[in-house]
Amino acid sequence: METIPARLRSHAEARAHDTFCTFLARGQTESITFAELYERSLAYSRFYTRLGIQRGDLILIILQHTPHLFYSYLGAMLAGAIPSFMPFPSPKQRADFYWADHEILIERIKPRLILTYAANLDAARASIPNFNTPSAVADEEILLEPSDDTPVTPSGLSASPDDIACMQHSSGTTSLKKGVMLTHRAILAEVAAYSRAIGFSATDSIASWLPLYHDMGFVACFMRSVIEGTHLIALDPFEWTIRPSLLLDAIERYRATLCWLPNFAFSHIVNASRADTEWDLSSIRAFINCSEPCKEHTFERFAERFRTAGITQEKLHVSYAMAENVFGVTQTTLGRRVRVLSVDPDAFSAGSVEPARGAYALPLLSCGPPIDGVRLQICDAEGNAVPDGGIGEIHISSPFLFDGYYKLPEKTAERMRGSWFATGDMGFVLDGELFVTGRIDDMLIVNGRNYYSHEIEAAVNGVSGVLPGRSVAIGVEDERSDATVVVVLVETTPGCDVGQVGSEVRKRVAQRLGLGIHAVVPVAAGRLVKTTSGKISRNKNRELFVEGAFSA
Amino acid sequence: MERVRAVMISTFRIPGDSKIDDATSSADIEGWDSLSHAMLIMGIEEEFKITLPFDRIYQLDDVGALVRLIHELDSGSPAAPSGDVA
C-alpha cells in the first residue's frame with residue numbers, strides 16, 4: 001500500500017505534462033501540470049524543512065483560495081508533517097473576533113506552524129495575548145527558492161501508510177472544532193471505494209467551487225484529483241457565491257463530468273442563472289448533492305432549468321458523507337434516478353416511516369447504499385439496532401474510519417461504540433438504502449457550513465435590549481432561496497428599539513461567526529417556551545415560529 | 001439612489017416604504033445574506049448595465065458605498081454621497 005506523496009510523485013513522473021488543475025479566478029486562468037504540482041509542493045516541503053518542521057508536526061494552513069493551498073498542503077505531506085486547512089476569515093468577519101475564537105483551539109492543538117499572510121499574522125498578534133505559535137508567511141518567494149541545500153528524498157516519501165496523513169477540522173465554528181485524524185491508508189482506501197461507486201475513470205474531470213477546509217471540497221474533489229491523477233477545474237468560493245454561473249461556464253468550457261454541491265448551491269445556481277443564457281452541460285455524468293439535507297423539489301427545479309443544457313433527473317445524485325469516514329458513507333447509483341419516498345408526515349413526526357395516506361406527503365430522498373466496505377446500523381437511544389424502516393441514530397463501521405479526534409480522546413470515546421461510529425445523524429435504512437432525516441444535536445448547516453445554535457446565542461448575549469440568556473437560534477427553510485436560514489428569536493426589554501436590536505444582533509453574529517442572520521424576531525419577555533429542565537427549548541420554539549405563533 | 005432602492009425592494013422583497021439610505025447595511029435589512037447579496041449584485045448589474053468588479057463587491061459596507069461604486073463605473077469618476085431618500 002502506498003502513500004499520498006508517493007502517488008503524487010508517480011503522477012508527476014508518468015504524466016508530467018498533463019493538466020492537474022485549471023484554476024479560474026478574477027477572470028484569469030492558470031493551468032498547473034502534474035510536474036508543476038509536484039515541483040511546487042517540493043518547494044514548500046523544503047521551506048518547511050528549513051523552518052525545522054519534522055515528521056508528525058502539525059501545520060495549520062490559513063490561506064485564501066489560490067493554488068498555494070495545493071502546494072502548501074501537499075508540501076507539508078512531502079515533509080512528513082500533518083497539514084490542516086482552516087477557513088480564511090470571511091470578508092465580513094472581524095479579524096480580532098476570528099483570532100479570539102481560534103485562541104482556544106490553537107492552545108489545545110499547539111500547531112508547530114501556522115502558514116498564512118503577513119496581515120493575518122498581525123491580526124493574530126493583536127488579538128491573542130502572548131501569541132507565540134511559530135508562523136510563516138506564504139508567498140511566491142517560497143516557490144523560487146533553490147533546491148540544492150535540501151535532502152533529495154523528502155521525508156514524506158518514506159512515510160508509512162498508517163502514518164497520519166492530514167487532519168480535517170470537522171463541524172463547529174470556533175474552539176469546538178475537532179481535528180479528524182486520517183491516515184494515508186484510510187484516504188487512499190476511501191477514494192478507491194468511492195471512485196468505484198461512481199464509476200470514476202481517468203477520463204473524468206471535476207469542477208468545484210468548494211472550499212478545501214470542508215471534506216466535500218477537500219476529499220471528493222481535491223484529493224480525488226490528486227490521487228486518481230485527473231483534471232480538477234477549481235473556482236474561488238467567494239467569487240462563485242457572487243457569480244454562481246461561473247461554475248456552469250467552467251463545466252461547459254472544460255467538459256467537466258462530475259460536480260459536488262451542497263443542496264443550497266443547486267438553488268443558488270438556478271436563482272442566479274440569467275433566463276436568456278443557455279449552457280451545454282451535456283458532459284456532466286453527475287451533480288452530487290451532499291452535506292446538507294437534500295430536497296426533491298431542489299432537484300426538480302434544477303433539472304427543469306437545465307433540461308435544455310442536457311441535465312436530467314438521472315444526472316442528479318446524493319451522497320451521505322462525513323470527515324470521520326474520510327468522506328463518503330453512501331452514494332446513489334449513477335445513471336439511475338434517485339429514489340424518493342413519499343411518507344406520511346404525521347407518522348414521520350411521531351418517529352416512524354409509513355407510506356403517505358392523505359393528500360400531503362413528505363418526500364424523502366435516498367442517499368443510496370453504502371459504498372464498498374462500509375456497513376450501516378440504525379440504533380435507538382439505548383444503542384440497540386432497530387429493524388429496517390425504523391428511525392434512529394446512524395452508526396457506521398468502515399475500513400477507512402478516522403484515527404480519532406486530535407488530542408480529544410474523550411470526544412472520540414463519546415462517539416465510538418466498539419468499532420462502530422455514532423454519527424449524531426438520524427435516519428433509517430430501507431431496501432439497503434439510507435435516508436437521512438436530521439441531527440440529534442443543535443447543529444445548523446447553513447450554506448454548507450456548520451454552526452451550533454448555542455454559539456450563535458452566545459454571540460447575541462450582551463446586545464442591548466436583549467434579555468440575558470433569553471434568545472434562541474433556529475434553522476428554518478426559506479422558500480425563496482430554498483436554503484436553510486438562521487432566525488434568532490430574542491426576548492427584548494420593554495420599550496427598546498427593536499429595529500436597533502435586530503441590527504445589532506446581525507452585526508454581532510456576522511462579525512464573530514461570519515454568519516448572516518436571516519431574521520431577528522423580537523418577542524415579549526417570557527414568551528419563549530422552556531423545557532422541563534428550565535432551558536429555552538429550541539425545538540418547541542422552532543415549531544411555534546414555523547406555525548406563525550411569534551408573528552406580530 | 002432611487003434605482004438602487006427599487007432593486008433592493010425587489011430583491012429582498014421588503015415593503016416599498018422601507019427606510020433605505022447611505023448608511024443602510026446588511027444588518028438593517030431582513031434576508032440580506034451572502035446568497036441574496038449575489039442576487040442584489042445581479043439586479044444592480046442588470047439595471048445599470050455594468051459589471052461590478054469582484055474585489056470591490058465584498059468591500060461594500062453599506063448602500064452608500066454601493067451607490068458611489070455605481071456612479072464611479074457609470075461616469076468613470078468618484079461621485080458625491082447620494083443622500084437620504086427614505
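Computed from a prediction, not measured in an experiment: that's the story for all the values here.

A. Structural context of the domain arrangement of chain A. Residue and element names in this part refer to chain A. Domain boundaries assigned for chain A yield domain 1 (31–177), domain 2 (336–439) and domain 3 (443–547). At the interface, twelve residues of domain 1 touch twelve residues of domain 3. In total, about 1,000 Å² of surface goes out of reach between domain 1 and domain 3, with carbon and sulfur atoms giving 54% of it. The interface formed by domain 1 and domain 3 contains zero salt bridges. Our count for the domain 1 to domain 3 interface comes out at one residue pair in polar contact (both at pLDDT 80 or more). For the side of domain 1 that touches domain 3, a count of residues per class yields three nonpolar, six polar and three charged.

B. Region of interest: the confidence of the model for chain B. On average, residues of chain B carry a pLDDT of 83, and 87% of them reach 70 or more. Across residues 79–86 of chain B the pLDDT falls below 50, and counting only partners more than four positions away or on other chains, this stretch makes 18 contacts in the model.

C. Just empty space enclosed by the protein, in detail. Residues and elements named next belong to chain A. The full count for this structure, using the stated rule, is four cavities of 30 Å³ or more. Listed by contribution, the elements that provide at least two residues to the lining of the second largest cavity are helix H8 (215–228) and strand S10 (231–235). Here the element with the most residues in the lining of the second largest cavity is H8; it accounts for three residues. When its residues are assigned to classes, the lining of the second largest cavity shows seven nonpolar, three polar and no charged.

D. Fine view of the sheet that holds strand S5 (residues 113–116) of chain A. All names here are of chain A. In spatial order, the strands read S4-S3-S5-S6; together these four strands make up an open sheet with parallel pairing. Looking at strand neighbours, the two that pair on one side only are strand S4 (82–85) and strand S6 (135–137), the edges of this open sheet. Looking at each pair of strands side by side, their axes are set apart by 25° on average, direction ignored. Here strand S3 (residues 58–61) runs beside S4; their pairing, made up of four bridges, is parallel. Note on S4: the bridge partner recorded for Ile-59 is Pro-83. The sheet contacts of helix H5 (residues 118–127) involve S5 and S6, and relative to S6 the element is tilted by about 150°.

E. The packing of aromatic side chains, seen in detail. Residues and elements named next belong to chain A. Overall, the coordinates contain 32 aromatic pairs over all chains when judged by the stated rule. Look at Trp-209 and Trp-240: their rings are 3.9 Å apart centre to centre, the planes differ by 10°, and that puts the pair in the stacked class. Taken as a pair, Trp-209 in the loop between strand S9 (205–208) and H8 and Trp-240 in helix H9 (residues 237–242) lie far apart in primary sequence, 31 residues in all. Ring pairs connect the aromatic residues Phe-20, Phe-23, Phe-34, Phe-70, Tyr-73, Phe-85, Phe-218 and Phe-222, which therefore count as one cluster.

F. Examining the packing of helix H7 (residues 184–197) of chain A against H8(A) more closely. Residues and elements named next belong to chain A. The interhelical angle for the contact between H7 and H8, taken along N-to-C directions, is 100°, at an axis separation of 10 Å. For the element pair H7 / H8, the angle class is roughly perpendicular. Counting all contacts with H7, which are made through Ile-187, Leu-188, Glu-190, Val-191, Tyr-194 and Ser-195, the residues of H8 involved are Val-219, Met-223, Arg-224, Ile-227 and Glu-228. For the contact of H7 with H8, a count of residues per class yields seven nonpolar, one polar and three charged.

G. Expanded view of the environment of A:Leu341. Residues and elements named next belong to chain A. Here Leu-341 is to be found in strand S15 (residues 340–343). Classification of Leu-341 by relative accessible area gives buried; the value is 12%. Those residues in contact with Leu-341, other than ones at most four positions away along the chain, are Leu-362, Pro-363, Leu-364, Phe-428, Leu-430 and Phe-435.

H. Here's a closer look at the pattern of salt bridges. With the rule as written, the count across this model stands at 30 salt bridges over all chains. Of the charged contacts in the structure, one is a salt bridge between A:Arg470 and A:Glu491, with a shortest N-O distance of 2.9 Å. In this pair, A:Arg470 is assigned in strand S24 (residues 466–478) and A:Glu491 in strand S25 (residues 483–492), connecting sequence segments 21 residues apart. Residue classification places A:Glu491 among the buried residues on the basis of a relative accessible area of 1%. The residue B:Asp21 makes a salt bridge to B:Lys19 at a minimum N-O spacing of 2.6 Å. Judged by its relative accessible area of 57%, B:Lys19 falls in the exposed class. Members of the salt-bridge network, linked through shared partners, are A:Arg26, A:Asp236, A:Glu239 and B:Asp55.

I. View of the packing of helix H4 (residues 95–109) of chain A against H5(A). All names here are of chain A. Relative to each other, H4 and H5 sit at 65°, their axes nearing to 9 Å. Judged on the interaxial angle alone, H5 and H4 are roughly perpendicular. Note on packing geometry: the crossing formed by H4 with H5 is right-handed. Each of Ala-95, Asp-96, Trp-99 and Ala-100 in H4 lies in contact with H5, whose residues at this interface are Asn-120, Ala-123, Ala-124 and Ser-127. Split into classes, the residues belonging to the contact of H4 with H5 amount to five nonpolar, two polar and one charged.

Conventions and cut-offs
- Residues numbered from 1 in each chain as written.
- Chains lettered and ligands numbered in written order.
- Predicted model: local features only at pLDDT ≥ 70, side-chain atom pairs only at ≥ 80, totals over all residues.
- Heavy atoms only, no water.
- Domains from an automatic or database assignment.
- Contact = heavy atoms within 4.5 Å.
- Buried area = accessible area lost by both parts, 1.4 Å probe.
- Salt bridge = Lys/Arg side-chain N within 4 Å of Asp/Glu carboxyl O.
- Polar contact = N/O pair within 3.5 Å; in protein donor to acceptor, adjacent residues only side chain to side chain.
- Nonpolar A, V, L, I, M, F, W, Y, C, P; charged D, E, K, R; others polar.
- pLDDT = per-residue confidence, 0-100.
- 1 Å grid on protein atoms, 1.4 Å probe; cavity = no way out; pocket = protein on both sides within 12 Å on 5 of 7 lines; lining within 4 Å.
- Points joined across faces, edges and corners; volume = space filled by probe spheres on them.
- Helix = DSSP H or I, 4+ residues; strand = E, 2+ residues; numbered from the N terminus.
- Pairing = 2+ DSSP bridges.
- Axes fitted to C-alpha atoms, helices over the stretch in contact; angles between N-to-C directions.
- Phe/Tyr/Trp six-rings, centres within 6.5 Å; stacked < 30°, edge-to-face > 60°.
- Parallel < 35°, antiparallel > 145°, perpendicular 65-115°, else oblique.
- Buried < 20%, exposed > 50% of the residue type's maximum accessible area, 1.4 Å probe, protein only.
- Left-handed = near helix turned anticlockwise from the far one by under 90°.

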